[in-house]
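Next come the chains, spelled out residue by residue.
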Amino acid sequence: MTGAGEASAAIPVFLYHAVMEEPPDWIAEFNVTPKEFAAHLDAIVDSGRTPVTVSALADHLAGRAPLPARPVLLTFDDGFADLPGPTAEALAARDLAATAYLTTGAISPGGRSLLPPAPMMTLDQAAGLERSGMEIGSHTVTHAQLDTLSARALDRELRESRTVLEDALGHPVRHLAYPHGYNSGRVRRMAGAAGYETATAVRHALSSERDEAYRIARLIVRRSHTVADVETWLAGGGARVAPYRDRPKTVGWRWYRRARAVLRGPVFAG
Ligand SMILES: [Zn+2]
């Protein structure tokens, strides 16, 4: 035991998107280069934390199995083209567990999504990605802002993406990541009803052994973040520790954004 109290209970859950040399402009803010990514992974190895999948965290939150001491989670959203290639290889070379959340409409033949054009992986690479050691979860069909949808559209986003991935993988898909991290009480309830055991949000906070299963906090990694930032998070600092109550500002932003989404459509926010 470190005796560091809350800091020792913090669990960093990193959220990556693309790992490319030359990303499209719209995702550049959330891209890290392969060289930076390798330095982050080396910092994770050096931290002595144990990388686990979201399933391991889910098993802990459900009381089925304990977590190893000082866990860390690596997650990858959307399904960019680097994921089943150099990114999965960089993880496998260091024996690091990770979880990928795939937007099925963006990776399926003839599929449609709200993501702007980018090099994406394909659905037929999903099984190989899993064999390489990466757990796979859903990131909906179209990458919609779930908290702005009708019940019917929301249910389709949750269930169709899950079915598509289950057909590709041949087993149940247990986990969801909310596009942009956006969720609400209704979205969380419907995610559970659609069969998901957990869902990850963003929250710009450290998760913990007491986090909420349907809005697990993640730290979004931006291009401006340094290895020192990653090391601070790995030490359990640099951000609040979930669970915590939303502040009024967060709630106000949610309502503003819902109104704007109706008028203008969504803006990419992770
Ligand atoms: Zn996303």
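Every chain's residues receive numbers from 1 upward, in the order its sequence appears when written. With the structure being a predicted model, the display of local features is reserved for residues of pLDDT at least 70 and the display and counting of side-chain atom pairs for 80 or more, all residues being used for whole-chain, interface and lining totals.

Filter applied, for reference: UniProt positions are given in the numbering used here, feature names are shortened, and annotations may be inferred rather than shown by experiment.
As annotated in an unreviewed UniProt entry, the protein is Polysaccharide deacetylase family protein from Streptomyces galilaeus. Comment text from UniProt for the protein, heading Subcellular location (unreviewed entry), reads "Secreted".

### Overview of the packing of helix H7 (residues 151-169) against helix H8 (residues 185-193)
Going by this rule: Helix axes are fitted to C-alpha atoms over the stretch in contact, other axes to C-alpha atoms as well, and angles between N-to-C directions run from 0 to 180 degrees. Numbered from the N terminus, helices here are DSSP runs of H or I no shorter than four residues, and strands are runs of E no shorter than two. Relative orientations are named as follows: roughly parallel for angles under 35 degrees, roughly antiparallel for angles over 145 degrees, roughly perpendicular for angles from 65 to 115 degrees, and oblique for any other angle. Crossing handedness is read from the near helix: turned anticlockwise from the far helix by less than a right angle, it gives a left-handed crossing, and turned clockwise, a right-handed one. A pair of residues counts as a contact when their C-beta atoms, built from backbone coordinates, are within 7 Å of each other.
Their axes nearest at 10 Å, the elements H7 and H8 cross at an angle of 45°. Put simply, H7 runs oblique to H8. Crossing hand, H7 versus H8: right-handed. Counting all contacts with H7, which are made through Leu154, Asp155 and Leu158, the residues of H8 involved are Val187, Met190 and Ala191.

### Points about the pairing of strand S2 (residues 13-16)
The line we're drawing: Here a residue counts as buried when 20 or more other C-beta atoms fall within 10 Å of its C-beta, as exposed when 12 or fewer do, and as partly exposed in between; the C-beta atoms come from the backbone. The rule for pairing is simple: two strands pair if DSSP sees at least two bridges between them.
Where burial is concerned, the two faces of S2 agree: the one with Val13 and Leu15 and the one with Phe14 and Tyr16 are both buried. Taken together, the four bridges between S2 and strand S4 (residues 71-78) define a ladder with parallel strand orientation. Looking at S4, one finds that Phe14 is bridged to Leu74. Relative to strand S10 (residues 216-220), S2 is paired through two bridges, and the arrangement is parallel. Bridge pairing links Leu15 to Ile220 in S10.

### Structural notes on the pairing of S10
With four of five residues buried, S10 lies mostly within the body of the structure. Relative to S10, strand S8 (residues 198-203) runs parallel, the two sharing two bridges. By the bridge assignment, Thr200 is partnered in S10 with Ile216.

### Comments concerning the nonpolar core
The test is simple: Residues of type Ala, Val, Leu, Ile, Met, Phe, Trp, Tyr and Cys that are buried and joined through C-beta atoms within 7 Å form what is called a nonpolar core.
Grouped together as the largest cluster of nonpolar side chains are 68 residues, with contacts concentrated most on Phe14, Leu73, Ala100, Ile136, Tyr178, Ala191 and Leu206. The contacts of Leu206, once residues within four sequence positions are left out, are Ala10, Ile11, Pro12, Ala217, Leu219, Trp233, Gly236, Ala239, Val241 and Ala242.

### Things to note about unusual backbone geometry
Between Ala242 and the following residue, Pro243, the backbone shows a cis peptide bond with an omega angle of 5°. For Pro243, the position within the fold is in the loop between helix H9 (227-234) and helix H10 (248-264). Of note, the phi angle at Asp95 is positive, near 60°, even though the residue is not glycine. In this structure, Asp95 sits in the loop between helix H4 (83-93) and strand S5 (98-102). Exposure remark for Asp95: the 9 C-beta atoms within 10 Å place this residue in the exposed category. A positive phi angle is found at His204, which is not glycine, with a value near 50°.

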